[in-house]
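Below, each chain spelled out in residue letters.
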Amino acid sequence: MATTALHPAAPAYRSSLYDWVTTTDHKKIGILYVINSFVFFFIGGLLAMGVRLELAQPGLQFVADQTYNEIFTMHATFMIFLFVIPMLAGFGNYIVPLQIGAPDMAFPRINALSFWMLPLAGILLLLSFVTGGSAAAGWTSYSPLAQDRPLGAVGPGQDLWVVALVLIGTSSILGAVNFLVTMFKMRAPGMTLFRMPIMTWTVLVTSVLVLMATPVITSALIMLFIDRNYGGSFFDPANGGDAILYQNIFWFYSHPAVYVMVLPAMGMISEILPVFSRKPLFGYRAFVFATAAIGALGFSVWAHHMFTTGAVYLPFFSFVTFLIAIPTGVKMFNWIFTLWGGKLTFSTPLLFALGFLSMFLIGGINGAVSASVPVDFAIHDTYWVVAHLHYVLFGGSVFGIMGGLYYWFPKMTGRMMSESLGKVQFVLMFVGFNLTFFPMHQLGLAGMPRRIADYSSASGWNDLNLLATIGGFTIAASMLPLLWNVFVSLRSGEPAGDDPWEGNTLEWATSSPPPPYNFDHLPPIRSERPVFDQRHGDVPHTKTPPGPDRTQQIPAGR
Amino acid sequence: MTTDTTALTTEHSPVAGLAHDARGGISNPVLGMLLFITSEVMFFAGLFAAYFNVRANAAQWPPINPESGEAFHIAIFPLVGPATVLLILSSFTCQFAVWAIRRNDRTAFLRNIAVTFGIGVVFLIMQGIDYAELGREGLTLSSGTYGTTYFTLTGFHGAHVFAGVIMLGVVLYRGMAGQFSARHHDAVEAASLYWHFVDVVWILLFSLLYLLPGNAPRV
């Protein structure tokens, strides 16, 4: 053992709170990210319940129009910027250094800085509720709605929103730099780029997207801030500015942001599916190239959010949007053929991964429908779009995150989560999700506009809205088994051991939870599944060309 | 696997050195700075895009100043031209400093960093004077798209010069404390990369705002 036993350090008293607040350990920071993101997930969830409550019946029962605008704006803001993006960054923080055999991130203190900007931004956003109303122009904050003028966004709420988003953006950028340097410079010997686990690959592509796209929205937000506070006229047509300019710059970030929110979730299920079907991931390299292709194409499709402005070149943006279906389809193919003929174990992580697969498929298909220009002119800003984005971000990202939580919770805490509670949560969430968002397709096709607090009872939308509200509260109910599961498992969960799932990647080669600096020694890394190789000896796998005896491995009856 | 928490990895361990980027190639801090500069390029790309958009939409560029009735005009002399020359010079002195510390010539390194730092400060002062002049002539952030884009672009460049000056100040301070040598000077390399970036942005901005001819009024 190539370690040296040192005398234990002088016992200095450190409270555990002090320890967590000052930590630079990527694992603790990762857990802080996850906890912080869950807090804002619950806040954003409460706001969503407010939306569903108001829409359950025609008429204004609970909130005024302005409050409704604040609620849906802040729901999206919390969910996108303080839940999905940081949650995935948190899992990346925890998992990536472990998966590449590194002792920590490249810049541990910058890592801590990236994290601590997030609660600060969250507090700024929450403060806006008590300083005269939060931002209410939608999470897109288009001009002139977001401008400081009558019928626009008067008051400090919108400014706090801008400042908070700039903070979150800076946090993301620093995190992306950190991830990229870690992955390029700190891989263990033998861990070549094409042996990196898929989760790590997706974080790599995500980091490139964050690095190149987030500064662009920062510039848009700063221009908005200058317009609002210093008499600027970037987005003011009366003074020679251009309101469409904001939309262009905003979506130049916000479309890649969609991939920032979904690629790491794809990475998570690409770790889960092979482990629970006892097979290697089908088409590892194709998957990597598909991920890179999605990232690259992601920069060229932003204006499909702006078809109806009449200010963008429709055929190009429609065509490249359809093109994205190709690498996404490659991934679907990879996942399905990973499952095909596998020895499936229906544990909770696999259930959530299958939830991702099926729901993200629907989200992809109804997205491709929206990419068609004539269709989009009919459904733009209707509930169809709400259905689509939730099938992608909830059906995709959130199911992936839940799968990842159940998958890596044993590694993070050393304890297993309860399978039965997990299955209860999955069923409630899956049913609630479809009850909530499937009817929105019909509502959108029937013409119900999004971001409206009320609708006429003669419109024929009553039943579907009530159904969606019932579904929404079912989703909320599905959080109770999750919370109870985490609570009980932390206290008295079954000890997990190093490798409870018989995983493939390096995080399962160390203890649960891993010690500071992660590894005493590493297994030899000769493929993208070093722990599998260690467990089963050096059986030939990925690189072996199909030989004559291969047919004999096919079980009888096929 | 068991984990002995009282044992620390040493340089004999198979994983030692991973935390210290001892495996050759570009160093972690320099790679980090290059990536950060990439994001800064995209930030300025957003601002430049806004500038081109606004300019393309304008009936005439530079537009008419409502106060004087004439088109806005910003003068290269006496301030901006010399400031530009100075900033370009400072990129050279900055690079001389890097080459000096690579040869372990600390005296030349300190001299060149100090000159670079000084030029940075002078540039900021000149920019401040220029802003005050323009304000007196009636060009402010709120005087239409011309003022808004001019002050936003140059202002954010100035903010980046300020950040660069702080970096150079830290490098100078650490250099005077003798912390840099031919082997250990990542901070110098990183700060100089940033300073070159700031310089390049200024060259683009200067070409755009001062050299690119305006458009005649469209009929």
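All of the points below concern the structure found in this document. The residue numbers shown here count from 1 along each chain, following its written sequence. Ligands are numbered from 1 and chains lettered from A, in the order in which they are written. Where local features are concerned, this predicted model is filtered to residues with pLDDT of at least 70; where side-chain atom pairs are given and counted, the filter is 80 or more; whole-chain, interface and lining totals use all residues.

1. Brief notes about the overall build of chain A
- Counting its secondary structure elements, chain A contains 15 helices and 1 strand.
- As defined in this context, the radius of gyration uses C-alpha atoms, and a globule is described by 2.2 Å times the residue total to the power 0.38. The C-alpha radius of gyration of chain A comes to 24 Å, within 12% of the 24 Å expected for a compact globule of 558 residues.
- Any pair of residues counts as being in contact when their C-beta atoms, constructed from backbone geometry, are within 7 Å of one another. Within chain A, residue pairs in contact and separated by at least 24 positions form 82% of the contacts whose partners lie at least 6 positions apart. For the purposes of this entry, the term helix denotes a DSSP run of H or I that reaches at least four residues, the term strand denotes a run of E that reaches at least two, and both are numbered from the N terminus.

2. A short note on the packing of helix 4 (residues 108-127) of chain A against helix 5 (residues 156-185) of chain A
Residue and element names in this part refer to chain A.
- Angles shown run from 0 to 180 degrees and are taken between the N-to-C directions of axes, each axis being a line fitted to C-alpha atoms and, for helices, limited to the stretch in contact. Between helix 4 and helix 5, the shortest axis-to-axis distance is 8 Å and the interhelical angle comes to 165°. Taken together, the axis directions place helix 4 and helix 5 in an arrangement best described as roughly antiparallel. Handedness of the helix 4/helix 5 crossing: left-handed. Taken together, the residues of helix 5 that come into contact with helix 4 (itself represented by Ile-110, Asn-111, Leu-113, Ser-114, Met-117, Leu-118, Leu-120, Ala-121, Leu-124, Leu-125 and Leu-127) are Leu-160, Trp-161, Val-163, Ala-164, Leu-167, Ile-168, Thr-170, Ser-171, Leu-174, Gly-175 and Asn-178. Throughout, the term roughly parallel applies to angles under 35 degrees, roughly antiparallel to angles over 145, roughly perpendicular to angles from 65 to 115, and oblique to all others. In this scheme the handedness of a crossing depends on how the near helix is turned from the far one: anticlockwise by less than a right angle means left-handed, clockwise means right-handed.

3. Some words on the environment of B:Glu40
Residue and element names in this part refer to chain B.
- Mapping Glu-40 onto the fold places it in helix 1 (residues 28-57).
- Exposure in this text rests on C-beta crowding, where 20 or more other C-beta atoms within 10 Å of a residue's own make it buried, 12 or fewer make it exposed, and counts in between make it partly exposed. The C-beta atoms are placed from the backbone. Residue Glu-40 is classed as partly exposed on the basis of its 19 C-beta neighbours within 10 Å.
- With 106 residues separating them in the primary sequence, Glu-40 and Tyr-146 have C-alpha atoms 23 Å apart.

4. Points about helix 4 of chain A
Residue and element names in this part refer to chain A.
- If you check helix 4, its first and last C-alpha atoms are 30 Å apart, about what 20 residues at 1.5 Å a residue would give, namely 28 Å.
- All buried positions along helix 4 are accounted for by Asn-111, Ser-114, Phe-115, Met-117, Leu-118, Ala-121, Gly-122 and Leu-125. Along helix 4, the residues classed as buried sweep out an arc of 145° about the axis, all on the same side. For helix 4, exposure combined with an orientation more than 90 degrees from the buried face picks out Arg-109 and Ile-123.
- Those residues of helix 4 that are buried are in contact with helix 2 (26-55), helix 3 (65-99) and helix 5. Multiplying 1.5 Å by the residue count of a helix minus one yields the expected span of that helix. An arc is given here, and it is the one of the directions from the helix axis to the C-beta atoms.

5. Quick word on unusual backbone geometry
- Put simply, A:Ser512 and A:Pro513 share a cis peptide bond, and its omega is -10°.
- Its place among the elements puts A:Pro513 in the loop between helix 14 (462-492) and helix 15 (530-536).
- Across the junction of B:Trp61 and B:Pro62, the peptide omega takes the value 0°, indicating a cis bond.
- Along the chain, B:Pro62 turns up in the loop between helix 1 and helix 2 (80-102).
- A positive phi angle, close to 70°, is found at A:Leu151, a residue other than glycine.
- Judged by local crowding, A:Leu151 falls into the exposed class, with 8 C-beta atoms found within 10 Å.
- Positive phi is not limited to glycine here, since A:Arg451 has a value of about 65°.

6. So, the packing of helix 13 (residues 419-445) of chain A against helix 14 of chain A
Residue and element names in this part refer to chain A.
- Their axes nearest at 7 Å, the elements helix 13 and helix 14 cross at an angle of 160°. Classified by the angle between their axes, helix 13 and helix 14 sit roughly antiparallel to one another. The handedness of the crossing between helix 13 and helix 14 comes out as left-handed.
- For this classification, Asp, Glu, Lys and Arg are treated as charged, while Ala, Val, Leu, Ile, Met, Phe, Trp, Tyr, Cys and Pro are nonpolar and the rest, including Gly, are polar. Residue classes in the contact of helix 13 with helix 14 are distributed as 19 nonpolar, 10 polar and no charged.

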